[in-house]
Amino acid sequence: MEHGDIRIEIAPENGAALLSLQSLHAGHWRDWLVDSALASSISTPPCFPLMPFANRIADGRLKSSPEVLPANRPDVSVHPIHGYAWQKPWSVDRQEVDSVELSYDGGDDSWPWRYRASLSFMLAPKELRILMKLKHLGAGLMPAGFGLHPAFPTDGLLAVKATTKAFLPVDDRCLPIAYMAGATECTELAKGHLPKPGIDSDFDGWQNSLRMEWRDRSLLLSSEPVFTALHVFRPKDKPLLCLEPVSHVTGAMAVDSLPEIPVPQMLGTNEALEGKLVFQLIDH
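Within any chain, residue numbers begin from 1 and follow the written order of that chain's sequence. Residue-level local features of this predicted model are given only where pLDDT is at least 70; pairs of side-chain atoms are given and counted only at 80 or more, and the full residue set underlies all totals for whole chains, interfaces and linings. Remark: hydrogens and water are excluded; side-chain values derive from all non-hydrogen atoms of the structure.

**A look at the sheet that holds strand 6 (residues 91–95)**
Backbone-to-backbone hydrogen bonds pair the strands of a sheet. The strands run either parallel or antiparallel.
Argument step 1. With respect to topology, eight strands assemble into an open sheet ordered 6-7-8-9-21-17-16-12, the strand pairing being antiparallel. At either end of the open sheet lies a strand with only one pairing partner, and these are strand 6 and strand 12 (157–162). Ignoring strand direction, the axes of neighbouring strands in this sheet form an average angle of 15 degrees.
Argument step 2. Pairs of strands are assigned from DSSP output, requiring at least two bridges between the strands. Labels follow the DSSP assignment, with helices taken as runs of H or I lasting at least four residues and strands as runs of E lasting at least two, numbered in each case from the N terminus. Pairing between strand 6 and strand 7 (residues 99–106): four bridges, direction antiparallel. Each axis is a line fitted through C-alpha atoms, taken for helices only over the stretch in contact, and angles between the N-to-C directions span 0 to 180 degrees.

This is the structure:
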C-alpha cells in the first residue's frame, strides 16, 4: 500500500506480517524496519503481531487452564512464544486507498479458547497507525494479551529513550527472575542509552512513548495505555533491535511466575481487548 509519502508491505498469508515500512525522503524511499533477510536470521518477519499472548509462557503451563501448550517454535524456545496468530494466514476484510483491515479466527491452533484477532493499518503523512483487537468468542474467561514485534536497524542508531518503572532480568531460559522497580536499566533507558547487546527482557510500567534517534532521522512510537510494558530484544551478533509494546510482561499468564508480575486482563464472552499504536517518521 502506498499513500502520499508513506508505503507499507503486508503479508496476510504470513501471519499479517508487516514486511516493510518506508517513507519518501529527497526522492528516495527510506526503510525504517530491517529487511526480511536480516529478520529471518532471528526466525521472524520484520514486524508481526503477538496474539493472543505476548512473548513466552513458561513450559506452556497456564494459570487459567489445565491444558499444557506445546512449544510452537521448538527451534527457538522450549516455551510457547509470541502467540499463535503470527503463524497463521489472515483474511483481508476491507481495503481502502489508505487503510486495510485483517482478521484471524483462532480455533485451529493450540490456544484453549476461541478468539478473533483483528488488525487495522492506517496511513497518514509520515505516519502509520495500527489498531489491534483481540475478542473472546468462547465461554468462560480467557486471559488476553497482545503486542507488536518490530525489528529496527541499529546501523547509525544513536539513542533510544523511553520511561519505564521496572526491569525484569531473565535466566538462561529467557524467563524473569526478578522484578526490579527503579532499576539501573530503567534509568539508562530514560536517558536515551542504547539497550546493551544480549538483552531479552521486559520493562514494566512503560509510559507509552519511545523515541529512536539515528544520525539522519528519528522515529516516535506511541501507544494507548493498554500497552503497559515494553519488551526489548537485541541479539549480540545481529545489527537489529526489537522494541515490542505489549499488554503484559513475560510470565503474566504462566503458573510459574513472580508474585510482583501484574496479572493479564481476563475477557468474558464477546469482550475485547484493543489498543492503537502510532509510528511517526521524522526526517532530519
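**Some details on the pairing of strand 19 (residues 240–246)**
Argument step 1. Counting buried residues along strand 19, seven of its seven residues qualify, which places the element largely inside the surrounding structure.
Argument step 2. Exposure is judged per residue with a 1.4 Å probe applied to protein chains only, and the accessible area is read against the type maximum: over 50% gives exposed, under 20% gives buried, and values in between give partly exposed. The side-chain alternation of strand 19 yields two buried faces, one formed by Leu240, Cys242, Glu244 and Val246 and the other by Leu241, Leu243 and Pro245.
Argument step 3. Here four bridges tie strand 11 (residues 147–153) to strand 19, and the two strands are oriented antiparallel to one another. Looking at strand 19, one finds that glycine 147 is bridged to valine 246.
Argument step 4. Pairing between strand 18 (residues 229–233) and strand 19: five bridges, direction antiparallel. Opposite valine 232, over in strand 19, you have leucine 243 as the bridge partner.
Argument step 5. The turn joining strand 18 and strand 19, which pair antiparallel and follow one another in sequence, is formed by six residues.

**A word on the packing of aromatic side chains**
Argument step 1. Centre distance within 6.5 Å is the pairing criterion for rings of Phe, Tyr and Trp, where only the six-membered ring of Trp is used; planes under 30 degrees apart are then read as stacked, over 60 as edge-to-face, and the remainder as tilted. Tallied over the entire structure, the rule returns nine aromatic pairs.
Argument step 2. Relative to tyrosine 84, the ring of phenylalanine 53 has its centre 5.6 Å away and its plane inclined at 80 degrees; by these criteria the two rings are edge-to-face. With phenylalanine 53 in the loop between strand 5 (47–50) and strand 6 and tyrosine 84 in the loop between strand 5 and strand 6, this pair connects stretches of sequence that are 31 residues apart.
Argument step 3. The positively charged end of arginine 217 is found above the aromatic ring belonging to tryptophan 32, 4.9 Å away from the centroid.
Argument step 4. Counting as a charge over the ring demands two things of the Lys NZ or Arg CZ atom: a distance within 6 Å of the ring centre and an angle within 35 degrees of the ring normal. If you follow arginine 217 out to its NZ or CZ, it ends over the ring of tryptophan 214, 4.7 Å from the centre.

**Re the side chain of arginine 217**
Argument step 1. Along the chain, the position of arginine 217 falls in strand 17 (residues 217–223).
Argument step 2. Taking relative accessible area as the criterion, arginine 217 reaches 10% and is therefore assigned buried.
Argument step 3. Contacts: residue pairs with any heavy atoms within 4.5 Å of one another. Ignoring anything within four residues of it in the chain, the contact list for arginine 217 reads Arg30, Asp31, Trp32, Pro153, Met212, Ile282 and His284.

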